[in-house]
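For reference, the chains in residue letters:
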Amino acid sequence: MQVNNDTEKDYKPLIVAFCCNWCSYAGADLAGNNRLSYPADVKIIRVPCSGRLNPLFVLRAFQRGADGVIICGCHPGDCHYTTGNYYTRRRMALLFSMLDYLGIERERTKVAWISAAEGQRFAETMNEFTSQVASLGKNKRLEDLRCKN
Amino acid sequence: MQRIGVFVCHCGTNIAGTVDVSQVAEALSHEPGVVYSKDYTYMCSATGQGMLKDAIRDYNLTGVVICSCSPRMHENTFRKAAEQAGLNPFMLEIANIREQCSWVHKDMAIGTAKAIVLGRAAVAKVNLNAPLTSGETAVTKRALVIGGGIAGIQTALDIADAGFPVDIVEKKPTIGGKMAQLDKTFPTLDCAACILTPKMVEAQQNENITIYSYSEVEDVKGFVGNFDVKIRRKARYVDETKCTGCGLCTEKCPMKKVPNEFNLGMDSRHAVYIPFAQAVPKVATIDPNYCLKLKSGKCGLCSKVCSVGAIDYTQKDEIIEEKYGAIVVATGYNPISLDKFDEFAYSKSKDVISSLELERLMNAAGPTGGTLLRPSDGTHPHTVVFVQCVGSRCEANAEKGKEYCSKICCMYTAKHAMLIRDKYPDTDVYVFYIDVRTPGKNFDEFYRRAVEQYGVHYIKGMVGKVTPEDGKLKVQASDLLDNRQLKIDADMVVLAAAIEPDKSARPLATMLTASMDTNDFFTEAHPKLRPVESPTAGVFLSGVCQGPKDIPETVAQAGAAASKAIGLLCKDKLKNNACVAESNEMMCNGCSQCEKVCAYGAITYVDKEFRMPDRTTQVRRVASVNPAVCQGCGACASACPSGAMDLKGFKNDQILAEVDALCR
Amino acid sequence: MADENKELKMPDMNYAKDEIIRISGVNPRKCMRCGKCSATCPAYDEMEYHPHQFVYMVETGEIEPLLKSKSLYKCLSCFACIDRCPRGVEPEKLVEAVRLTVERQQGNDHFTPDSLAEFYDDDMPQQAIVSAFRKYRK
């Protein structure tokens, strides 16, 4: 049997980023405006507030084969809706610890605070997170094979 | 099933340079629901929008996906166009393939693949979109201006002129701000007080303007058109309605050694004081930190001499509550603290002063009556050295100093140098500069005049060290063009200190949920196209709180902010956010989780009768959302354990569909 | 020390520039040419190339004149330029790195037993002589 090494070499992680509309999504736009590159493996979903993040969305992403999930919101105290990011901070702390128990390493999940003025920080965070996830390899723990065609 | 049209924008080469747009259009045409797919050079152009409208009509489209720039840029443009073609605007979604794809990736294959995935997610979302309509709320026709400097005064005057009531909240006892402290203004050299004080009086006399001096904003609730603001009126121990500003109390006050902040501590004032002669309101204020009566209960002289009985030692802080439709932030700036700049000996020698201090020294109403004298010994200085960029243009996160250019220093230093040479031709004036930045009408001419006509010595280089020695200041500096080190014996050194946003801006931004940059300047809704609006609806920016600027620019921006606020106040009704939360009453179990997380109090619980399958009626407690108050954050939707609460436009199944499409 | 007129063996200049930047950890591009380093330098008058010139010359790759310059040994390493530079460029570290580049260059024989006599006096510790040979006899 021939072992296909290529798949491992060409391995590109799939990263889902949830960005709040007011800070992080604007930060991502700023990174774009300043042409600060980060890996194309990062795919952004716009949500009104990081507080919109139902834990279900994160679980679904892992179930569908995402290798990492990052949630970006306004800095604590700066939430456009005053308190949304506080709920996310606590909710995700619990969720990530549960995911850890299920075998999804802590390094695959992250909550980052990125303001609308921090394009540089957005790109840096994404570069860092992508290489961190890539070093772990594919997420096989939670991936639901029934979801694959 | 939806009938979706996909439009892929080239954005010239901005997108087409790294994304194969025709391939994206082709790939997306096979997505479920897509009946039309096309790429075009500029979707936002009139032709592009026309194409969109035609396609909506010709193909009976029920949903549209535009793959283009950020939705923060053109979502509204396209939604308006779709509406004109008879489509509900909320049936249109944007896939951001410029800022978040073509501009950050270099490789064509990678960019194209990502653009297809992003487009796919948008199509998946639109498949689940439903038409939404916005509700309406009334607008409170009153504006609040925070800060009473030239920016705040001008904004208030312009709004008041349009016929709307305006309140100015100023934390100092008088309005006027930094401009009241200035002597002359560049590049015309007119006297700052002569042009400012009439405006202050105008503000006071305008019947639409209420000035809350010695007051601070305590709390802000609500949203655009309907802000509820609490203002703390600090106790000034003087009844503002009775005080005539005669100044008799000040004369008699025995406490004479209070550092005068208006003259930056270079002379002293009394414990009961009026900051300066043209103060508005011209009302005395008692400084509780120094007043003998308030501190020890002994004295009371001022109340004895006051003929109108305005002194009231029992006055307490007062909180007033008011409703506003629009808020304009004009909190201004301060020069940075120079205490950490040991090399310039600022804290060691009295003769090393900041530019604002020089401004007071040159002013006829200042501590020296307008004669330039050394603060240490009161003698006339014969050599004056100016140092530019003190604390400006430092590296990012510098321990002392700011990364940005403070913008105004080059010009005011030229002004100072020119004025000194004009008044005292026997004085040698040196200006050490890194670059002289004079973009502005008549600015460079002004600077050249300082050099050519007034003989100010401009030297490219920086001062490295100032050492006070035998009553002189030994200045060691570099002359980069001559490549030598200079040593000058100066009598006075003036530091052009960087400016920073006022300290009150940060807590205020938190109250307003308005965003700030890393330097604590307020961010604009768009750096180029919406420069006077904050991203938070109903909050406008005026003056230096948004970024360093000089007086003409500040006044221009103040007018712009006013016109934006007037535009808002003119409306009788405001369209609400259509993406509001909605509760499915059949699924709601009445747990109150959503009510607890709602920051706006938009959710209430009502007892409602339900017909049960067995034909009985049952009363159940269910959540109900007030769409006029809901801001659409979705906190309730993620808190709901039964899945009854959902956010329109960002429904659970829509986001899940996006996740699925990205992971496919 | 070695004869002043003797040709020094020089490293490859492009390599030297990269090495200097690597050793020092300084990014000369951060310099905004304000000249505060030279304004603050106490050894300014002794130096042929002044601190701001060091930064500029490293950036433009003019390394050779720097390597030959006596300025290298006039720098007091007082760190005033590092302390005062508004852009955090750290000119002294560049001077130090250039100095190291010269010292690490093999085969220059900066210090020979013949030249010992002119330095030697009774107060000089033996340790100093040994370490001078170790450091400069390369």
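Residues numbered from 1 in each chain as written. Chains lettered and ligands numbered in written order. Predicted model: local features only at pLDDT ≥ 70, side-chain atom pairs only at ≥ 80, totals over all residues.

Regarding the overall build of chain B
And then number 1: A tally of regular secondary structure across chain B gives 18 helices and 34 strands.
And then number 2: Projected onto its principal axes, the C-alpha coordinates of chain B cover approximately 95 × 65 × 40 Å.
And then number 3: Classification of the 664 residues of chain B by burial places 52% in the buried group.
And then number 4: For chain B, restricting intrachain contacts to residue pairs at least 6 apart in sequence, the fraction spanning at least 24 positions comes to 70%. (Helix = DSSP H or I, 4+ residues; strand = E, 2+ residues; numbered from the N terminus. Buried ≥ 20, exposed ≤ 12 C-beta atoms within 10 Å, placed from the backbone. Contact = placed C-beta atoms within 7 Å.)

Here's the deal with the overall build of chain C
And then number 1: Check the secondary structure of chain C and you find nine helices and zero strands.
And then number 2: Counting from the amino terminus, helix and strand elements in chain C follow one another as α-α-α-α-α-α-α-α-α.
And then number 3: In chain C, the share of contacts with a sequence separation of at least 24, taken over all contacts with a separation of at least 6, comes to 76%.

Structural notes on the sheet that holds strand 22 (residues 428-433) of chain B
Residues and elements named next belong to chain B.
And then number 1: As summarised here, the arrangement of the five strands in space is 20-27-21-22-23, forming an open sheet in which the pairing is parallel. Each edge of the open sheet is held by one strand with a lone partner, namely strand 20 (352-354) and strand 23 (457-460). The mean inter-strand angle of the sheet, taken between neighbouring strand axes irrespective of direction, is 25 degrees.
And then number 2: Pairing of strand 21 (residues 383-390) with strand 27 (residues 492-497) involves five bridges; the strand directions are parallel. Pairing of Val385 across the sheet is with Val493, part of strand 27.
And then number 3: Against the sheet, helix 12 (residues 409-423) touches strand 21, strand 22 and strand 27, its axis set at about 175 degrees to strand 21. (Pairing = 2+ DSSP bridges. Axes fitted to C-alpha atoms, helices over the stretch in contact; angles between N-to-C directions.)

Overview of unusual backbone geometry
All names here are of chain B.
And then number 1: Note the cis peptide between Phe186 and Pro187, where omega equals -10 degrees.
And then number 2: Within the secondary structure layout, Pro187 lies in the loop between strand 8 (184-185) and strand 9 (190-191).
And then number 3: In this structure, Pro281 follows Val280 across a cis peptide bond, with omega equal to -5 degrees.
And then number 4: Mapping Pro281 onto the fold places it in the loop between strand 15 (272-273) and strand 16 (285-286).
And then number 5: The residue Asp520 is not glycine, and still its phi comes out positive at about 70 degrees.
And then number 6: With respect to the helices, strands and loops of the structure, Asp520 is situated in the loop between helix 14 (505-512) and strand 29 (539-541).

Digging into the interface of chain C and chain B
And then number 1: Contacts between the two partners involve 16 residues from chain C and, on the opposite side, 17 residues from chain B.
And then number 2: With four residues, the top contributor of residues to the side of chain C that touches chain B is helix 2 (residues 36-40) of chain C.
And then number 3: Each residue belonging to the side of chain C that touches chain B can be placed in one class, and the counts come to five nonpolar, five polar and six charged. (Nonpolar A, V, L, I, M, F, W, Y, C, P; charged D, E, K, R; others polar.)

Some details on the interface of chain B and chain A
And then number 1: The interface of chain B with chain A comprises 43 residues on the first partner and 44 residues on the second.
And then number 2: Residue assignment for the side of chain B that touches chain A shows that the elements contributing at least two residues are helix 3 (71-84), helix 4 (98-102), helix 5 (108-127), helix 17 (635-639) and helix 18 (652-663) of chain B.
And then number 3: Among the elements that take part in the side of chain B that touches chain A, helix 18 of chain B stands out by supplying eight residues, more than any other.
And then number 4: For the side of chain B that touches chain A, the residue count by class is 20 nonpolar, 15 polar and eight charged.

Describing the domain arrangement of chain C
And then number 1: Per the domain assignment, the segments making up chain C are domain 1 (13-105) and domain 2 (108-138).
And then number 2: Here domain 1 of chain C and domain 2 of chain C have C-alpha centroids that lie 27 Å from each other. (Domains from an automatic or database assignment.)

Some thoughts on helix 6 (residues 150-161) of chain B
Residues and elements named next belong to chain B.
And then number 1: Between the first and last C-alpha of helix 6 there are 16 Å, a value that for 12 residues agrees with the 16 Å anticipated at 1.5 Å per step.
And then number 2: Of the residues making up helix 6, those classed as buried are Ile150, Ala151, Gly152, Ile153, Gln154, Thr155, Ala156, Leu157, Asp158, Ile159 and Ala160.
And then number 3: Packed against the buried residues of helix 6 are strand 6 (143-146), strand 7 (166-169), helix 7 (192-205), strand 10 (209-212), strand 18 (326-329) and helix 15 (551-570).
And then number 4: Remark: Gly163 follows helix 6 within two positions and exhibits a positive phi of approximately 100 degrees. (Expected span 1.5 Å × (residues − 1).)

Some remarks on the sheet that holds strand 26 (residues 484-490) of chain B
All names here are of chain B.
And then number 1: Taken in spatial order, the three strands line up as 24-25-26 in an open sheet, and their pairing is antiparallel. The open sheet has two edge strands, strand 24 (463-469) and strand 26, and neither has a second partner. Direction aside, the axes of adjacent strands within the sheet are offset by 20 degrees on average.
And then number 2: Pairing of strand 24 with strand 25 (residues 472-479) involves six bridges; the strand directions are antiparallel. Residue Pro468 lies in a different strand from strand 25, and its bridge partner there is Leu473.

Looking at helix 11 (residues 355-362) of chain B
All names here are of chain B.
And then number 1: A large share of helix 11 lies buried, amounting to seven of its eight residues.
And then number 2: Among the residues making up helix 11, those that are buried are Ser355, Glu357, Leu358, Glu359, Arg360, Leu361 and Met362.
And then number 3: Residues of helix 11 that are buried in the fold lie against strand 20, helix 12 and strand 27.

Notes on the confidence of the model for chain C
Residue and element names in this part refer to chain C.
And then number 1: Here chain C averages 84 in pLDDT, while 86% of its residues score no lower than 70.
And then number 2: The secondary-structure element of chain C with the lowest mean pLDDT is helix 9 (residues 126-136), recorded at 76, while helix 2 shows the highest, at 95.
And then number 3: Two numbers describe this predicted complex: its pTM, 0.82, and its ipTM, 0.93. (pLDDT = per-residue confidence, 0-100.)

Focus: the packing of helix 11 of chain B against helix 12 of chain B
Residues and elements named next belong to chain B.
And then number 1: Orientation of helix 11 relative to helix 12, taken along the N-to-C sense of each, is 35 degrees, at an axis distance of 11 Å. Note on packing geometry: the crossing formed by helix 11 with helix 12 is left-handed. Between helix 11 and helix 12, the residues in contact are Ser355, Leu358 and Met362 and Tyr412, Thr413, His416 and Leu419, respectively.
And then number 2: The residue inventory of the contact of helix 11 with helix 12, partitioned by class, reads four nonpolar, three polar and no charged. (Left-handed = near helix turned anticlockwise from the far one by under 90°.)

Remarks on the nonpolar core
And then number 1: Ala143, Val385, Phe432, Val493 and Leu495 of chain B are the most contacted members of the largest nonpolar core, which totals 139 residues.
And then number 2: Broken down by element, this core gets its largest block of residues, nine residues, from helix 12 of chain B.
And then number 3: Ignoring anything within four residues of it in the chain, the contact list for Val493 of chain B reads Phe344, Asp351, Val352, Val385, Val387, Val466, Leu473 and Val475 of chain B.
And then number 4: Formed by 123 residues, the second largest nonpolar core is a distinct cluster that contains Phe62 of chain A together with Cys11, Val580 and Ile603 of chain B. (Core = buried A, V, L, I, M, F, W, Y, C linked by C-beta atoms within 7 Å.)

What about the domain arrangement of chain B?
And then number 1: Domain assignment breaks chain B into domain 1 (4-127), domain 2 (144-224 + 317-332 + 502-572), domain 3 (248-305), domain 4 (334-500) and domain 5 (581-648).
And then number 2: A C-alpha centroid distance of 64 Å is found between domain 4 of chain B and domain 5 of chain B.

Thoughts on the packing of helix 5 of chain B against helix 18 of chain B
All names here are of chain B.
And then number 1: Two elements in contact, helix 5 and helix 18, have axes separated by 8 Å at closest approach and are oriented at 150 degrees. Classified by the angle between their axes, helix 5 and helix 18 sit roughly antiparallel to one another. Helix 5 and helix 18 meet at a crossing whose hand is right-handed. Residues Val117, Arg120, Ala121, Ala124, Lys125 and Asn127 of helix 5 lie in contact with helix 18, whose contacting residues are Gln654, Ala657, Glu658, Asp660, Ala661 and Leu662.
And then number 2: Broken down by class, the residue content of the contact of helix 5 with helix 18 amounts to six nonpolar, two polar and four charged. (Parallel < 35°, antiparallel > 145°, perpendicular 65-115°, else oblique.)

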